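# Structural overview for review
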Amino acid sequence: MKKIFSALCFALFGVTAIMTSCSDVPAPYDIFENGGQENGPEATVGEGTKESPYDVATAKNNSGKTVWVQGYIVGVMENLYDDAGEFAGNEAKFEAPFTIKTNIIIASDPEETNIKNCLPVKVKGGSDLSNALNLVDHADNLGKLLIIQGTIGSGFGSTSLNETTAAILDGTEIGQEQQGGDETPSGNILFQESFASGQGDFQIKDISKGELDYVWKFDSKYGMKASAYNGKQVAAESWLISPEIDLTNVTTATLTFDHAINQLNGEQPQTNQIVEVSTNNGESWTPLTGITYPEGTSWTFVNAGNVDLKAYAGAKILIGFHYKSTTSSAATWEIKNVKVYSEQTETGGEEVPPIENLIFKETLGTPVSDDTNLSSFSGWDNPNYTYNISYGSKAIRSIAHKTETNLTETNKVNSIWFSKGYDSWFSIEGVNTSGYSKFTVTYEVAANIYNVGETIDLNAIKVSLNDVEVQAPSKIITANTAKNDANIFYTMSVDIEVAGNENSTLKFSVSASDNTVGMRLTNITLQGAEKSETVEPTPEPTPGENDGTEAKPYTVAEAIALNNPGTPAFVKGYIVGAANGSMSKLETSNFTIDTNMLIADTPNETDATQIIPVQLPSGSIRTDWNLKDHPENYQKQVIIEGKLEAYFTQPGLKSAKSITEVQ
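What you see is a predicted model; the values in this text were computed from it and never measured. (Residues numbered from 1 in each chain as written. Predicted model: local features only at pLDDT ≥ 70, side-chain atom pairs only at ≥ 80, totals over all residues. Heavy atoms only, no water.)

Our next topic: the overall build of the protein chain. A count of helices and strands for the protein chain gives six helices and 40 strands. For the protein chain, the proportion of its 663 residues judged to be buried stands at 48%. For the protein chain, long-range pairs separated by at least 24 residues make up 68% of all intrachain contacts whose partners lie at least 6 apart in sequence. Carbon and sulfur atoms form 45% of the exposed surface of the protein chain, whose accessible area is close to 30400 Å². (Helix = DSSP H or I, 4+ residues; strand = E, 2+ residues; numbered from the N terminus. Buried < 20%, exposed > 50% of the residue type's maximum accessible area, 1.4 Å probe, protein only. Contact = heavy atoms within 4.5 Å. Areas by Shrake-Rupley, 256 points an atom, 1.4 Å probe, with all protein chains shown as cover.)

As structure tokens, this is what we get:
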């Protein structure tokens, strides 16, 4: 039967007018004998396009390309398990019954049973492709001709077709075709790491490993891999943390990566495999949303999609892949092809303050699922500041981020809610504005105008910095259609002239009489517009004094007096504790913080004004010197190399490069 069928197809090859007589082969596609190698083992069949797909043999020789491939569905790669019920690999199966819905096998011969002549094809569980192609629900698909698009790569111990997105079966198109094989966001690449040859500049931070030798590990075939299985499932927690990614000069940013998850044992993939972002060098983390996760029951890599990082534009961030496991669920998580794209900040726009003078940006973090009291909210971008409001009930609320240019946006953003008919205010305290005498505050405001004819001036929300209050230019909005005009965010901006200091308060307030419909506030940016004329120049050390070198390190008092010049230096002092979120919460025993330490000129100092906070970056310095894991380091005298920059809103030492104990 096979020979008769093949001979018929060959006889008809090139005569497209009668190709439809091979009922299993829709025009214009042709299937060749010997795996498509009718002219010898090195022959190339097809161009890899939808109109001229590769055959199986040609596809195997084009690793890394996103292409269309044709072949007959001949079976499935089934999972194997040992006597203990643990996964033991895969095995090709060419006859029913089948149990796996996340892959199929194709070949150039509909009766092929030699896996060496086949190409395994991965399909995402629950996708349109899986629902239409799987042999569990569609046993009659066995032997049918399939034309499918995907990326040639590794899988099941050989070459496979991965990241499949579209197919043609029985003349019906399924899924969504990749255009040009590239769905990555446009813009400049700010950061990328493929993990093709190692972990790059990523750091591994183990919180707990149990009896494991490692949790995260580089794998030459699959990138970075986290697993807490060692003959049994082990409770563990570990981070894979990117180097610092600079978003200070961009207006938008997008994260994308590929990942695979297997052996979830019923857990949701995002429960113990969490992608998070930090804007304060790992002192606090916020989970990212909008991530596409694998089904969690196969080794198929899935693209996470285009994860929006716009909320972090203007900041320097870390991306953390946070892995957790328990004794009942210790999945394997594989990561590769991490990229961050951006569009550069537009120039020439009116009243856009210089990005280099950014003091802070507050987006209110990941959208909350329920209205949340301010006292219960911990998702701040700047957790070292103090946030207060005139009332405590359900102040943080999420809503679709509709704007004048995007009235159909469905992605949500957190906002501060000001109820109508109440005198209300919201403040951000503890902001270091030293060195400036004029500032620009930019923020977004929305009004709850639901009924036709309702109107409000968005400048009802007034802004003050250090008790100097200003009002934005008038921006009157009116509801023209019921509900459709409600809660559209408009960007507002004000300039404030006031002397900056190390402990400034930015405040937003609205009166009961002005707030007639209810208002929302989000995406707050404070930027310095003019330098203060009274700022003293950084003092230069006189000959014979300490000069900040390793041989002559500054004392803590000298470093404080320099007032954050931003230059590298060595500083000598005693380790006197750690800061738990702010310098008003100093730990001198029972340490819980591992991301910073405090040094002073005397070993028993507790006055925060006489202390320098030291940032401990992830890696060996944090591992070896943090007080949480090494309380024995308390009151040791050390020399620290770092950068003299503001930390916890006061003179500090950031990005410590070395710490040496004074003997």
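The discussion continues.
Strand pairing in a sheet relies on backbone hydrogen bonds, with the paired strands running either antiparallel or parallel. Pairing in this open sheet of five strands is antiparallel, and the strands run S22-S25-S32-S28-S29 from one edge to the other. Single-partner strands in this sheet number two, and they are strand S22 (386-389) and strand S29 (468-470). Strand after strand, the sheet turns through a mean of 15 degrees between neighbouring axes, direction not considered. Of the pairings in the sheet, the one linking strand S28 (residues 462-465) to strand S32 (residues 504-510) comprises four bridges and is antiparallel in character. Bridge pairing links Leu 465 to Leu 506 in S32. (Pairing = 2+ DSSP bridges. Axes fitted to C-alpha atoms, helices over the stretch in contact; angles between N-to-C directions.)

Here the focus is the nonpolar core. Counting 47 residues, the largest nonpolar core has Ile 416, Phe 426, Tyr 443 and Phe 508 as the members making the most contacts within it. Per-element accounting of this core gives the leading share, six residues, to strand S26 (residues 436-447). Discounting chain neighbours no more than four positions away, the residues touching Phe 426 are Leu 374, Trp 380, Tyr 387, Asn 388, Ile 389, Ile 416, Phe 418, Leu 506, Lys 507, Phe 508, Leu 521 and Ile 524. Ranked by size, the runner-up nonpolar core spans 40 residues in total, among them Phe 202, Trp 216, Leu 247 and Ile 319. (Core = buried A, V, L, I, M, F, W, Y, C linked by side-chain atoms within 4.5 Å.)

Under the defined criterion, the tally for this structure stands at 14 aromatic pairs. Relative to Trp 333, the ring of Trp 216 has its centre 5.7 Å away and its plane inclined at 45 degrees; by these criteria the two rings are tilted. Note that Trp 216 is positioned in strand S10 (residues 216-219) and Trp 333 in strand S20 (residues 332-344), a separation of 117 residues in sequence. Taking the relative accessible area as the measure of exposure, Trp 216 reaches 3% and is therefore buried. (Phe/Tyr/Trp six-rings, centres within 6.5 Å; stacked < 30°, edge-to-face > 60°.)

With that settled, the discussion passes to the pairing of S10. Sheet topology note: the S10/strand S11 (residues 223-227) ladder contains four bridges and is antiparallel. Its bridge partner lying in S11, Asp 219 is registered against Gly 223. Where S10 folds back on S11, the antiparallel hairpin that results is connected by three residues.

When strand S35 (residues 568-579) meets strand S39 (residues 637-647), the two strands line up antiparallel, connected through seven bridges. Note on S39: the bridge partner recorded for Ala 569 is Gly 642. Bridge count between S39 and strand S40 (residues 650-661): nine bridges; the pairing is antiparallel. Across the sheet, the residue bridging to Val 638 is Glu 661, located in S40. What sits between S39 and S40 in their antiparallel hairpin is a turn of two residues, with Phe 648 showing a positive phi close to 55 degrees.

Within the secondary structure layout, Val 413 lies in strand S24 (residues 412-418). For the pair formed by Val 413 and Pro 367, sequence separation is 46 residues and the distance between their alpha carbons is 5.4 Å. Excluding its chain neighbours within four sequence positions, the residues that come into contact with Val 413 are Thr 363, Pro 367, Arg 397, Ser 398, Ile 399, His 401, Phe 489 and Thr 522.

This paragraph deals with the environment of Asn 501. Considering the arrangement of structural elements, one finds Asn 501 in the loop between strand S31 (490-497) and S32. Using a relative accessible area of 31% as the deciding quantity, one classes Asn 501 as partly exposed. Counting along the chain gives 68 residues from Asn 501 to Thr 433, while the straight-line C-alpha distance between them is 5.1 Å. Those residues in contact with Asn 501, other than ones at most four positions away along the chain, are Val 431, Asn 432, Thr 433, Ser 434 and Asn 466. In terms of polar contacts, Asn 501 uses its side chain to reach the backbone amide nitrogen of Asn 503, at 2.8 Å. (Polar contact = N/O pair within 3.5 Å; in protein donor to acceptor, adjacent residues only side chain to side chain.)

A negative phi angle is the norm for most residues apart from glycine, just as the trans form is the norm for most peptide bonds. In this structure, the amide linkage connecting Ala 96 to the following residue, Pro 97, adopts the cis form with an omega of 5 degrees. Positive phi outside glycine occurs at Glu 163, with the angle close to 50 degrees. Following the sequence through the fold, Glu 163 ends up in strand S6 (residues 158-169). At Asn 487, a residue that is not glycine, the phi angle is positive and equals roughly 55 degrees. Structurally, Asn 487 can be placed in the loop between strand S30 (476-478) and S31.

Our next topic: the environment of Ser 582. Following the sequence through the fold, Ser 582 ends up in the loop between S35 and strand S36 (586-587). Along the sequence, Ser 582 and Pro 383 sit 199 residues apart, while their C-alpha atoms lie 8.6 Å from each other. With residues up to four places along the chain from it excluded, the contact list for Ser 582 reads Asn 384 and Phe 648.

Further remarks concern the pattern of salt bridges. When charged atoms on two side chains of opposite charge get close, those side chains can pair. Within the structure shown, the criterion is met by 11 salt bridges. Between Glu 173 and Lys 50 there is a salt bridge, with the nearest N and O atoms lying 2.8 Å from each other. Of the two residues, Glu 173 sits in strand S7 (residues 172-175) while Lys 50 sits in the loop between helix H1 (2-12) and helix H2 (56-60), which places them 123 residues apart along the sequence. For Arg 397, the salt bridge is made with Asp 371, and the minimal N-O distance between the two is 3.7 Å. Separated by 26 residues along the polypeptide, Arg 397 in strand S23 (residues 396-400) and Asp 371 in the loop between strand S21 (358-362) and S22 bring together distant segments of the chain. When its relative accessible area of 39% is taken as the criterion, Asp 371 is described as partly exposed. One network of salt bridges, in which partners are shared, links Asp 140, Lys 144 and Asp 170. (Salt bridge = Lys/Arg side-chain N within 4 Å of Asp/Glu carboxyl O.)

Here the focus is the side chain of Lys 205. Summarising the element assignment, Lys 205 is placed in strand S9 (residues 203-208). By relative accessible area, which is 18% here, Lys 205 ends up buried.

Within the secondary structure layout, Glu 112 lies in the loop between strand S3 (103-107) and strand S4 (118-122). Of note is the side chain of Glu 112, whose polar atom sits 3.4 Å from the side chain of Asn 117. Residue contacts for Glu 112: discarding those within four places in its chain leaves Val 74, Phe 94, Ala 107, Asn 117 and Cys 118.

Mean pLDDT for the protein chain: 82, with 85% of residues reaching 70 or above. Taken element by element, the predicted model of the protein chain shows its lowest mean pLDDT in H1 (35) and its highest in S28 (96). Residue range residues 344-355 is modelled with pLDDT below 50. Its contacts to residues more than four positions away, or to other chains, number 14 contacts. (pLDDT = per-residue confidence, 0-100.)

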